[in-house]
Amino acid sequence: MKYYRQKIKKRLVENICKSINDHLKRLDIPDISRRDIWDNLDIDLKNKLIEAGEQNLKKEWPLILITDYMEFGRCGNRVNFEEKNFERRKLLNSFIMAECVENKRRFLDKILEGLYLILEETSWCLPAHNSYERDAKQHPLPDSTRPIIDLFNAESGAEVAIVEKILRPVFEQICPFISVYVNEQLEKRIFSPYENQHFWWMGDGKQKMLNWTVWCTQNVLLAALSRKKDDLSDDRLKNIIKKAALSTDYFLDEYGDDGCCEEGAQYFSHAGLCMFNCIDLITSINDNVSKDIFNENIIKNIGAYIVKVYVGNGYYINYADCSPIAGSRGAIEFLFGLATKQPILASFAAKSYRESDWKTKLLNDEINLYYHVKQALNHGQMMEYPETFEMPDDTFFDSTGIMITRDKQFTFAAKAGDNGDSHNHNDVGSIILYKKGEPILIDLGVGTYTSKTFSSERYDIWTMQSQYHNLPTFFEKNHIVPALDRAINKDNKLKYMQHDGEEYGAKNVICGLTSEKAELSMDIAPAYDIKNLKSYIRKAALYKNSHIEIKDHIEGEVSCVISLMTYKEPAIIKHADNIVEISIGKSASIHAEGIYKFHIEECPIEDSRLGLMWKHNCYRILLELENKDFLMRVY
């Protein structure tokens, strides 16, 4: 049982299905014949969509070989296959959107090429997901007779279904067999497996769910709701909707009432937003269905989460595999805000959209065509929506143990919780600090995903380890070599770091939020499981409009080295009488007491995914404690 999470066990979405009658609506997005909609889009948007399509006309379609698929099993590299796979879908989306606004059939050949390339792929399941059991070893090649519905099988199903839905009037003029082929592949790869098999992400009330649940479910719903009644009967559609509703409820069971996404702001786009789309699609099935579910606190709070974790300048408070730059907001967040009557969320999304460049507005890196259509259709409203955004009040997410507090210059976060989160890093007790929107004490995030990332070797990856978070690392008290020398040593056998798992978490957690001070107090010793460590009390506080203070007290016969991760280069200003003064670039200064020795090392940022967030190397400050007490203030 989580230290904080209380499963709600509500059946909010399943209850909606009880009111569905026989008059079912299908997916309400305009096909290309709806010139009253497509022709009336903003002229600048239309020109940019056409320009994007034109720029891609001369590009070659990526050639995907079976050896590309096998590369993941051979060496663990998943990027090479995925880049080719995703590029096909990105190109196709650009041609679809350009054709919809121009309507001259100039992009039609490219659309047919892309559509048929996807339809003729042996499998829509990614190599990294090619297993029939959760967390099992992947098969080196796909079984085309038994399709696996993973994230991207479902994405591809929604892709070809919406392409056919939007271009249906044109395809009917060219040849009816286009739609026949699409429906054949959807039946084989999506509908039949979904109705007749149980995939782990569907939920059973026992296994823990995560973003997969609503991400896959959303796309199955999009594929199903885009079919004509002759291609997918009302009875089958009802069964799919009921199954989707139950999965969405299993997903909600993982959330506390506070709506915190334990996977972080980046995964909110695939968790909270996909959940919204699932509910939005299910409640749109006919006029008999109530939309009162959008008034539920948990649904509102899931949407509001993304505002609460925003720092500014594009940065978000990031834990687990989340990156600090978690992407711009757009139409789905905007619609989420409108549906839940949260103008702050709607304004936040609209403002983020307005401030984005055209590449971001056009979703050039998004493979889901439904998102492209929603973005274009809501462009005008987002550009004109009034700005009512305000930074949120201090927050304590009880379900995950995360405190976020702000004043005029600082945004500060501290995490209690445990190490059993989805996409977990061993980071119980870690802190994150921004000053005037600039990173001071950081969480690095995660590097490029490989086979190692989701294996038994996950915590051999340095960015996952507690010693590369803003946390203590422990050593035997009476070892001959000083603790700091052992901390610098790369041999992890010489040090005690946090363990992964739900049982390794903080205890005795107390959060106090006032207008003068916000403080999170916790004992993080249980996250380490060290025999000679009785307790490690960390008190992390923001004194409003003054400074950050960290007070740690150790009970136990161990040596301790504190790690502090920084983006800006630190420099020692003063060291005397067990006190160290450190500057963090020109932005902030650290005053630390109780220090025996110190060391600053450079952490090379060589991974391409980390390099998108951190444009130069980062740094780790190591502070060996003199005794059992540590005091740090940041100004």
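What you are looking at is a predicted structure, and each value in this text was computed from that prediction instead of being measured.

**Remarks on the overall build of the chain**
Reasoning step 1: The helix and strand inventory of the chain stands at 20 helices and 21 strands.
Reasoning step 2: Here the C-alpha atoms of the chain give a radius of gyration of 26 Å, agreeing with the 26 Å that 2.2 N^0.38 yields for 635 residues.
Reasoning step 3: Seen through its principal axes, the chain has C-alpha atoms that stretch 85 × 55 × 50 Å.
Reasoning step 4: For the chain, the residues scored as buried account for 60% of the 635 residues in total.

**Focus on the state of the cysteines**
Should the sulfur atoms of two cysteines be covalently bonded, the bond is a disulfide.
Reasoning step 1: Evaluation of the coordinates by the stated rule reveals zero disulfides.
Reasoning step 2: Free of any disulfide, cysteine 125 has its nearest cysteine sulfur in cysteine 216, 9.6 Å distant.
Reasoning step 3: Of all cysteine sulfurs, the one in cysteine 603 lies closest to cysteine 618, which takes part in no disulfide; the gap is 7.1 Å.

**A word on the pairing of strand S5 (residues 410–415)**
Along a regular strand, successive side chains alternate from one face of the sheet to the other.
Reasoning step 1: Summarising burial for S5: six of the six residues are buried, a large majority.
Reasoning step 2: Of the two faces of S5, the one holding Phe410, Phe412 and Ala414 and the one holding Thr411, Ala413 and Lys415 are both buried throughout.
Reasoning step 3: Two elements, strand S4 (residues 402–406) and S5, share five bridges in a ladder whose sense is antiparallel. Residue pairing across strands places methionine 403 opposite alanine 414, the latter belonging to S5.
Reasoning step 4: Taking the residues that link successive antiparallel strands as the turn, the S4-S5 hairpin has three residues.
Reasoning step 5: With five bridges joining them, S5 and strand S7 (residues 431–435) adopt antiparallel strand pairing. Across the sheet, the residue bridging to alanine 413 is isoleucine 432, located in S7.

**Remarks on the pattern of salt bridges**
Reasoning step 1: Scanning all chains against the criterion turns up 32 salt bridges.
Reasoning step 2: With a closest N to O distance of 2.8 Å, arginine 106 and glutamate 54 form a salt bridge. Here arginine 106, found in the loop between helix H5 (79–102) and helix H6 (108–119), pairs with glutamate 54, found in helix H3 (residues 43–56); they are 52 residues apart in sequence, far enough to count as distant.
Reasoning step 3: By relative accessible area, arginine 106 is classed as partly exposed at 38%.
Reasoning step 4: Here glutamate 54 falls in the partly exposed class, since its relative accessible area comes to 35%.
Reasoning step 5: A salt bridge links arginine 538 to aspartate 552; the shortest N-O distance between them is 2.8 Å. Residue arginine 538 is located in strand S13 (residues 533–543), and its partner aspartate 552 is located in strand S14 (residues 547–556); the two are separated by 14 residues in the primary sequence.
Reasoning step 6: Judged by its relative accessible area of 2%, arginine 538 is buried.
Reasoning step 7: One network of salt bridges, in which partners are shared, links Arg26, Lys229 and Asp234.

**So, the packing of aromatic side chains**
The description of an aromatic ring pair rests on the distance of the ring centres and on the angle between the ring planes.
Reasoning step 1: Counted by the stated rule, this structure contains 23 aromatic pairs.
Reasoning step 2: On the basis of an interplanar angle of 40° and a centroid distance of 5.0 Å, the ring pair of phenylalanine 86 and phenylalanine 152 is categorised as tilted. Placement of the pair is phenylalanine 86 in helix H5 and phenylalanine 152 in helix H7 (residues 151–174), with a sequence separation of 66 residues. Phenylalanine 152 shares its class with phenylalanine 86; the two are buried.
Reasoning step 3: When the centroid spacing of 4.8 Å and the interplanar angle of 75° are considered together, the rings of tyrosine 449 and phenylalanine 454 count as edge-to-face.
Reasoning step 4: Assessed through its relative accessible area of 11%, tyrosine 449 is described here as buried.
Reasoning step 5: Connected via pairs of aromatic rings, a cluster forms that spans Trp61, Phe95 and Phe107.
Reasoning step 6: Lying across the ring of tyrosine 353, lysine 361 places its NZ or CZ 5.4 Å from the centre.
Reasoning step 7: Above the face of the tyrosine 449 ring, arginine 609 is positioned so that its terminal group lies 4.5 Å from the ring centre.

**As for the side chain of asparagine 470**
Reasoning step 1: Turning to its location among the elements, asparagine 470 is positioned in the loop between strand S8 (438–441) and strand S9 (472–476).
Reasoning step 2: By relative accessible area, which is 1% here, asparagine 470 ends up buried.
Reasoning step 3: At 2.7 Å, the side chain of asparagine 470 forms a polar contact with the backbone oxygen of isoleucine 431.
Reasoning step 4: Apart from the residues lying within four places of it in its own chain, the contact partners of asparagine 470 are Gly429, Ser430, Ile431, Leu441, Ile442, Arg538, Ser563, Leu564 and Met565.

Parameters and conventions
Residues numbered from 1 in each chain as written. Predicted model: local features only at pLDDT ≥ 70, side-chain atom pairs only at ≥ 80, totals over all residues. Heavy atoms only, no water. Helix = DSSP H or I, 4+ residues; strand = E, 2+ residues; numbered from the N terminus. Rg over C-alpha atoms; globule rule 2.2 N^0.38 Å. Buried < 20%, exposed > 50% of the residue type's maximum accessible area, 1.4 Å probe, protein only. Disulfide = S-S within 2.5 Å. Pairing = 2+ DSSP bridges. Salt bridge = Lys/Arg side-chain N within 4 Å of Asp/Glu carboxyl O. Phe/Tyr/Trp six-rings, centres within 6.5 Å; stacked < 30°, edge-to-face > 60°. Lys NZ or Arg CZ within 6 Å of the ring centre and 35° of its normal. Polar contact = N/O pair within 3.5 Å; in protein donor to acceptor, adjacent residues only side chain to side chain. Contact = heavy atoms within 4.5 Å.

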